[in-house]
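# Summary of the model geometry
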Amino acid sequence: MKKILLAAIASGLFMTSFSQDSTKQERTDSINQERADTIKIGGMVIIKKGDKNDSTKNRNISISNRNRQKKSNLQTNWFIVDLGFANYNDNTNYSSAEAQAFAPLGDKDQLELRTGKSVNVNIWLFMQKLNITKHVLNLKYGLGLELNNYRFDDERVQLLQDPTKIVLNPEWADLKKNKLAADYVTVPLMLNLNLTPKREKGFAISGGISAGYLYSARQKIKEGDDEEKTHDNFDLRKWKLAYIGELSLGPVKLYGSYAMKSMWEKGLDQTPYNVGLRLSKF
């Protein structure tokens, strides 16, 4: 009886040990199978699901990107460049006493600009986009330099100093170049509506205002090979407040600005505006 009992106990221990070894082997095979069916290429993971003995039709293949990250709520873009045209809307009443005292000219034709050669270049040191609602509504702001060159069509236009006055100098009739440069340190602030928040280069529209401070102004003329610059503020308005806008059409980005007031402190009612192409990530 004892021998039978001992044999039964030994048999039970053997079966238990065999079952545990079998389970461990199955787990090991499963892990090895999983490892064998998982391929990693850079940030991409390819996983094959299903028994390796099954036909190809019964096995599923899934591909995932390990590098996909949640979009940051604050994005920064460094050193943005704008290339465009500068001009102004002239609503001056040249027959008024104030206009005649500041610019004793016949009419606005004598202060018209050469459209193709009056340029605007902006260099933004940075721009940031702050998420407000699901990356659809964002706040955009930055800091940069606005550089405006107003090229006169009539080369005789001369800006005098102390007191400031705009006259026609007959000796300048044959100048090669005559332009007024006005440069500002500017802070833009816009609300951005991103219509395709899941795309890196989608469709978006922005609008807001900017505040710029005039830090440099000069008239530059070129006669033959000689150039001459006259540095002065010429009674240009120190602060430039403007309405600004931006349109993103995939990789193409357009910008525009229109000042709230005349660029001059007195005499002339000329409101400057700029339009052009923006080289930017967002």
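Residues numbered from 1 in each chain as written. Predicted model: local features only at pLDDT ≥ 70, side-chain atom pairs only at ≥ 80, totals over all residues. Heavy atoms only, no water.

### A closer look at the pattern of salt bridges
Any two side chains of opposite charge can pair if their charged atoms end up close together. Here the structure, examined in full by the defined rule, presents 11 salt bridges. Here Arg 114 makes a salt bridge to Asp 153, at a shortest N to O gap of 3.5 Å. In this pair, Arg 114 is assigned in the loop between helix H2 (97-102) and strand E5 (119-133) and Asp 153 in the loop between strand E6 (137-151) and strand E7 (157-160), connecting sequence segments 39 residues apart. Among the ionic pairs, Lys 240 bridges to Glu 146, the shortest N-O distance being 3.7 Å. One end of the pair, Lys 240, is in strand E12 (residues 239-249); the other, Glu 146, is in strand E6, and 94 residues separate them in sequence. Like Lys 240, the residue Glu 146 is buried in the burial classification. Residues joined in a network through salt bridges with shared partners are Asp 82, Lys 140, Glu 246 and Arg 278. (Salt bridge = Lys/Arg side-chain N within 4 Å of Asp/Glu carboxyl O. Helix = DSSP H or I, 4+ residues; strand = E, 2+ residues; numbered from the N terminus. Buried < 20%, exposed > 50% of the residue type's maximum accessible area, 1.4 Å probe, protein only.)

### With respect to the packing of aromatic side chains
Taken as a whole, this structure holds five aromatic pairs when the rule is applied. Where Tyr 258 meets Tyr 273, the ring centres are 6.2 Å apart and the plane angle is 15°; that geometry is what we call stacked. Of this pair, Tyr 258 sits in strand E13 (residues 252-259) while Tyr 273 sits in strand E14 (residues 270-279), and the two are 15 residues apart along the sequence. The exposure class of Tyr 258 is partly exposed, given its relative accessible area of 35%. Exposure remark for Tyr 273: the relative accessible area of 29% places this residue in the partly exposed category. One residue, Lys 240, lies across the ring of Tyr 184, its end atom 5.2 Å from the ring centre. (Phe/Tyr/Trp six-rings, centres within 6.5 Å; stacked < 30°, edge-to-face > 60°. Lys NZ or Arg CZ within 6 Å of the ring centre and 35° of its normal.)

### A look at the side chain of Asn 192
Summarising the element assignment, Asn 192 is placed in strand E9 (residues 177-194). When its relative accessible area of 4% is taken as the criterion, Asn 192 is described as buried. When residues no more than four places from it in sequence are discounted, the contact partners of Asn 192 are Lys 129, Val 136, Leu 137, Asn 138, Lys 140, Ala 204, Ile 205 and Ser 206. (Contact = heavy atoms within 4.5 Å.)

### Notes on the confidence of the model for the protein chain
Predicted confidence across the protein chain gives a mean pLDDT of 85, with 76% of residues reaching 70 or more. Within the model, pLDDT remains below 50 along residues 4-10, and this stretch shows zero contacts once partners closer than five positions in the same chain are excluded. Below pLDDT 50 for its whole length, residues 13-19 participates in zero contacts with residues either more than four positions away or in separate chains. (pLDDT = per-residue confidence, 0-100.)

### Digging into the pairing of E9
Pairing geometry for E6 and E9, over 13 bridges, is antiparallel. Opposite Tyr 141, over in E9, you have Leu 189 as the bridge partner. Two elements, E9 and strand E10 (residues 203-223), share 18 bridges in a ladder whose sense is antiparallel. Bridging across to E10, Tyr 184 finds its partner in Leu 214. (Pairing = 2+ DSSP bridges.)

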